[in-house]
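Remarks on the overall topology
The residues making up each chain are set out below.
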Amino acid sequence: MPDLLLLALLVAAIAIGWWLGRRQRDPLEPRPRQQTSLSRDYFTGLNYLLNEQPDRAIETFVQVLEVDSDTIETHIALGNLFRSRGEADRAVRIHQNLLARPALSVAQSDQVQLELSRDFLNLGVLDRAERLLQQLIRDTRDEAMRRSAKRLLVDLFEREREWQQALDVALPRLVQQEADIRRAAAHWLCELAHQHMNGASPSLARKRLRQALATDASCIRANWLLATIEREAGNYKAEIRALRRIPEQDRSFTPIILEPLRNAYLKLEDEEALEQCLRELDEATPFTCAVIMLAQALERREGIAAAAEFAGTRLNANPSLRGIDYLMDLYLLDSDVAQHEHIVVVKQHITKLLEARPRFRCHRCGFSGMQLHWQCPRCRSWGAIKPINGLEGE
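Under an unreviewed UniProt entry, the protein has the name Lipopolysaccharide assembly protein B and belongs to Modicisalibacter ilicicola DSM 19980. Listed in UniProt under the heading Function (unreviewed entry), the comment for the protein reads: "Modulates cellular lipopolysaccharide (LPS) levels by regulating LpxC, which is involved in lipid A biosynthesis. May act by modulating the proteolytic activity of FtsH towards LpxC. May also coordinate assembly of proteins involved in LPS synthesis at the plasma membrane." As its UniProt record puts it under Subcellular location (unreviewed entry), the protein is described as follows: "Cell inner membrane".

In this section: the UniProt feature "binding site: Fe cation" (unreviewed entry) in the protein. UniProt records the feature "binding site: Fe cation" (unreviewed entry) for Cys 362, Cys 365, Cys 376 and Cys 379 in the present numbering. In sequence the annotated residues extend across 18 residues, while in space they remain close, none of their C-alpha pairs exceeding 8.8 Å. Note that Cys 362 resides in strand S1 (residues 360-362). Excluding residues within four positions of it along the chain, Cys 362 makes contact with Phe 367, Cys 376, Cys 379, Ala 384 and Ile 385. Structurally, the position occupied by Cys 376 is in the loop between strand S2 (368-369) and strand S3 (385-387). Excluding residues within four positions of it along the chain, Cys 376 makes contact with Cys 362, Cys 365, Phe 367, Ser 381 and Ile 385.

Turning our eyes to something else, we now look at the nonpolar core. Of all hydrophobic cores here, the largest spans 85 residues; its most connected members are Trp 188, Leu 209, Ile 257, Leu 258 and Leu 261. Among the elements that make up this core, the one with the highest residue count is helix H11 (residues 179-198) (10 residues). When residues are assigned to domains, this core turns out to be shared by domain 1 (286-355) and domain 2 (357-393), each giving three or more. Discounting chain neighbours no more than four positions away, the residues touching Trp 188 are Val 154, Glu 158, Trp 163, Ala 166, Leu 167, Ala 170 and Trp 382. Judged by nonpolar contacts, the second largest core, of eight residues, contains Ala 91, Ile 94, Leu 98 and Leu 104.

Another aspect to go through is the packing of helix H4 (residues 72-84) against helix H5 (residues 88-99). Contact geometry of H4 with H5 gives a least axis separation of 7 Å together with a crossing angle of 160°. When the axis of H4 is compared with that of H5, the two are roughly antiparallel. Where H4 crosses over H5, the handedness of that crossing is left-handed. Judged by residue contacts, Ile 72, His 75, Ile 76, Leu 78, Gly 79, Asn 80, Phe 82 and Arg 83 of H4 engage Ala 88, Arg 90, Ala 91, Ile 94, His 95 and Leu 98 from H5.

Here the focus is helix H17 (residues 288-302). The terminal C-alpha atoms of H17 lie 20 Å apart, and with 15 residues this matches the ideal 21 Å at 1.5 Å per residue to within 8%. Of the residues making up H17, those classed as buried are Thr 288, Cys 289, Ala 290, Val 291, Ile 292, Met 293, Leu 294, Ala 295, Ala 297 and Leu 298. As for H17, its buried residues are in contact with helix H15 (254-267), helix H16 (271-284), helix H18 (304-317) and helix H19 (321-333). Gly 303 occupies a position one or two residues after H17 and carries a positive phi of about 105°.

Moving on, we get to the environment of Asp 250. Its location among the elements puts Asp 250 in the loop between helix H14 (236-249) and H15. Relative accessible area serves as the criterion here: at 16%, Asp 250 is assigned to the buried category. Measuring from C-alpha to C-alpha, the distance between Asp 250 and Ile 220 comes to 7.7 Å, with 30 residues separating the pair along the chain.

As a further point, take unusual backbone geometry. Geometrically, the link from Leu 171 to Pro 172 is a cis peptide bond, its omega value of -10° lying close to zero. Within the secondary structure layout, Pro 172 lies in the loop between helix H9 (163-170) and helix H10 (173-177). In this model, Arg 161 sits at a positive phi of 60°, which is unusual for a non-glycine residue. Backbone geometry at Arg 380 places phi at a positive 65°, although glycine is not the residue there. Residue class for Arg 380 comes out partly exposed when judged on its relative accessible area of 29%.

In this section: the pattern of salt bridges. By the definition in use, this model includes 25 salt bridges. A salt bridge links Glu 178 to Arg 151, with the shortest nitrogen-to-oxygen separation between them at 1.9 Å. Remark: Arg 151 occurs in helix H8 (residues 143-159) and Glu 178 occurs in the loop between H10 and H11; sequence separation between them is 27 residues. Taking the relative accessible area as the measure of exposure, Glu 178 reaches 10% and is therefore buried. The class of Arg 151 is partly exposed, set by a relative accessible area of 31%. For Arg 151, the salt bridge identified is with Asp 180, shortest N-O distance 2.8 Å. With Arg 151 in helix H8 and Asp 180 in helix H11, this residue pair connects regions lying 29 residues apart in the sequence.

Definitions and cut-offs
Residues numbered from 1 in each chain as written. Predicted model: local features only at pLDDT ≥ 70, side-chain atom pairs only at ≥ 80, totals over all residues. Heavy atoms only, no water. UniProt positions renumbered as here; feature names shortened; annotations may be inferred. Helix = DSSP H or I, 4+ residues; strand = E, 2+ residues; numbered from the N terminus. Contact = heavy atoms within 4.5 Å. Core = buried A, V, L, I, M, F, W, Y, C linked by side-chain atoms within 4.5 Å. Buried < 20%, exposed > 50% of the residue type's maximum accessible area, 1.4 Å probe, protein only. Domains from an automatic or database assignment. Axes fitted to C-alpha atoms, helices over the stretch in contact; angles between N-to-C directions. Parallel < 35°, antiparallel > 145°, perpendicular 65-115°, else oblique. Left-handed = near helix turned anticlockwise from the far one by under 90°. Expected span 1.5 Å × (residues − 1). Salt bridge = Lys/Arg side-chain N within 4 Å of Asp/Glu carboxyl O.

Structure follows, in structure tokens:
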């Protein structure tokens, strides 16, 4: 049984034991026979818990507890426990039963509504979750509760890909107060910009992307999409400016901009400016892909030996599999027959290693893959996936 589940059940057992003890000490409670039964059921549930039979323990605790002002929080916790176990339908029944009780205080009613919304969201019953959350945001006087409900509603709209509705809920307070919402909001604006791009409205897309950068100046995706718009319009100088802003936001993204940068400079027939740009990027933070492009330029001017010497020297300082793979290519071009066969074998092994390794990794949950996702498929964090650099990177 997972440690978290055991801890939650132990907390519930302690709360139930406290409640039963209080009931038994109350001189106004004239039901000793029922108290004996409750105590017996409580210890039965505790025995199930200690013997790692959580399902039977939960059922026993739910049956033991009457719903009153002293046990509402424990019932809420048990409902949440069902939801965390993947049994959101049972959580719904507990929370709906609580919501129907007239004894709830305003604060308790708000809490149950919030938990019931989470149950429905977990079940995918989004329309009911949305109605509950909209009502809670409108009616509650508790600012912390309103904030929690807004965060949950934002999550709901995000799941439905309703980007503008998510923005409407999050602006302005959540965006100002919470860094993860601010980062997400910039990506929602990028999503809207992408819709405008698909609808052949580049001016509206540019406006959304400027809003994204105003919301979160570190939003790499906004500059990436701006570069895409300028490239499609044939504005290669503007594309280069947008791409050059990305390493200023996060240098680890330098590898993904080099290919489009080279293509833009070649469209402008300015290979000298390309080489200068590569040297500036390489001086700021050495990356194998920049070293390879510089070596390729050197190869065109001075030949294979000069390129191999340059690349070999740089790789001594910052080794990587991709760099070694490039060196193997150069050695194949400048080797005799006897050496050629051995180099091919080594290169085949390196190629397999490169094909097997992921190129991007989420810095929140560790998800990795070959594609750059702006939202992590596993933990759903925005902007958390970055290129993998170093020995096995780029």
